[in-house]
Amino acid sequence: MKAQGAFISIGLVCTAVLAMANSAQAASFTSNVSYTSAKNDVILNSITQSGKTINSFSYVNNAVIQYNTPRNATSTNSGAASTDKGDNATSPLAPAEDPTSTAVAKFLGNNNLNNIIDTEDDGTFTIDVFFDSEITQDNLGLDNLFFWERGVNSDLGIQALDSTGSLIAGSYKKLLRTEQQYTGFKIDTVEIASAQGLGSWGVSLNELGVTKLSGLRLTANASFNGPDFKVIARKTTPEPTTILGLGGVAALALLRRRKLKSA
Ligand SMILES: [Ca+2]
Ligand SMILES: [Ca+2]
Ligand SMILES: [Ca+2]
Ligand SMILES: [Ca+2]
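Keep in mind the model is a prediction, meaning the values are calculated, not measured.

## Overview of helix H2 (residues 101-108)
Three or more residues of H2 are buried, namely Ala103, Val104, Ala105, Phe107 and Leu108. Those residues of H2 that are buried lie in contact with strand S5 (60-68), strand S6 (81-85), strand S7 (115-119), strand S8 (125-136) and strand S15 (229-234).

Here it is, written out as structure tokens:
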């Protein structure tokens, strides 16, 4: 009787997983962080989405600034993308108003959500970023790309880059401020005087119409309201069908052992 119940619930889990895999539009996600204050390090430990928690990520490890509105010497709030951090947060380098490509990669390439790229409201940039491993489509039904945006008030353009660094045609998507989800916590960085809510977007490769990517072209112009962002990818794991298959075999073996015991 017990064994039968267990078998039924395993069946339900499998059905739910398949149903999730088939839904093209991914759901919202929860950022699980170590958080002490808006000005300190905000460390992303894991992400929970559709009841699954993932903690294996691919980080940005290379960036190429194609264009970044130059700074105007007479205004401190000029230029576009700059490196920024929580007022009391650690960072790989000191924040810079006119950062190098290396600095951009370093501020994006860790799990500290208080190390970000801040963009002036009317700035324009085109920055290519690359992940430390290739991101490929799987059928877990989870998003592949996770973005955060300080202020929940800006847009960000993204387009997939292949392994040679070339744009993948047709994969552009504009992430809208109105589609951000509030994470439930705020950050206060060097660039701003008081804490702002941190928003998030989850994006699947499906949504970009690609099966794999090595990086992203990130863009904004004056109408995007200066995105202040972080991007981290979910590390692609082995074929989920294999995992499900092995899980099924293990469950059957367990049932058989229980039956033998009770017999
Ligand atoms: Ca700035
Ligand atoms: Ca913003
Ligand atoms: Ca501040
Ligand atoms: Ca901004």
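From this point on, the discussion continues.
## Details of the environment of Gln66
With respect to the helices, strands and loops of the structure, Gln66 is situated in strand S5. Separated by 35 residues in sequence, Gln66 and Ser101 place their C-alpha atoms 9.2 Å apart. Not counting residues up to four positions away in its chain, the partners in contact with Gln66 are Thr126, Ile127 and Asp128.

## A few points about the environment of Lys52
When you line up the elements, Lys52 lands in strand S3 (residues 52-54). With 88 residues separating them along the chain, Lys52 and Leu140 place their C-alpha atoms 9.4 Å apart.

## Quick word on the pairing of strand S2 (residues 42-49)
In terms of strand pairing, strand S1 (residues 30-35) meets S2 through six bridges, oriented antiparallel. Bridge pairing in S2 places Tyr35 opposite Val42. Joining the antiparallel neighbours S1 and S2 is a turn of six residues. Between S2 and S3, which pair antiparallel and follow one another directly, the connecting turn spans two residues, one of which, Ser50, has a positive phi of 50°.

## Observations regarding the sheet that holds S2
Reading across from one edge, S1-S2-S3 is the order of the three strands in this open sheet, with antiparallel pairing throughout. The sheet terminates laterally at S1 and S3, the two strands that pair on one side only. Along the sheet, successive strands turn relative to each other by an average axial angle of 30°, direction set aside. Here S2 pairs with S3 via three bridges, running antiparallel. Its bridge partner being in S3, Gln49 is matched across the sheet by Lys52.

Rules and cut-offs
Sequence order as written defines the numbering, with residues in each chain counted from 1. Lettering for chains starts from A, numbering for ligands starts from 1, and both go in the order in which the items are written. Local features are withheld for residues below a pLDDT of 70 in this predicted model, meaning they are given only at 70 or higher, and side-chain atom pairs are given and counted only at 80 or more; totals for whole chains, interfaces and linings count all residues. The burial criterion counts other C-beta atoms lying within 10 Å of a residue's C-beta, which is placed from the backbone; the residue is buried at 20 or more, exposed at 12 or fewer, and partly exposed between these limits. Think of it this way: any DSSP run of H or I at least four residues long counts as a helix, any run of E at least two long counts as a strand, and we number them from the N terminus. C-beta atoms are first placed from the backbone for all residues, and any pair lying within 7 Å is then listed as a contact. Two strands make a pair as long as DSSP finds a minimum of two bridges between them. Axis lines are fitted through C-alpha atoms, for helices just across the contact stretch, and the angle between N-to-C directions can take any value from 0 to 180 degrees.

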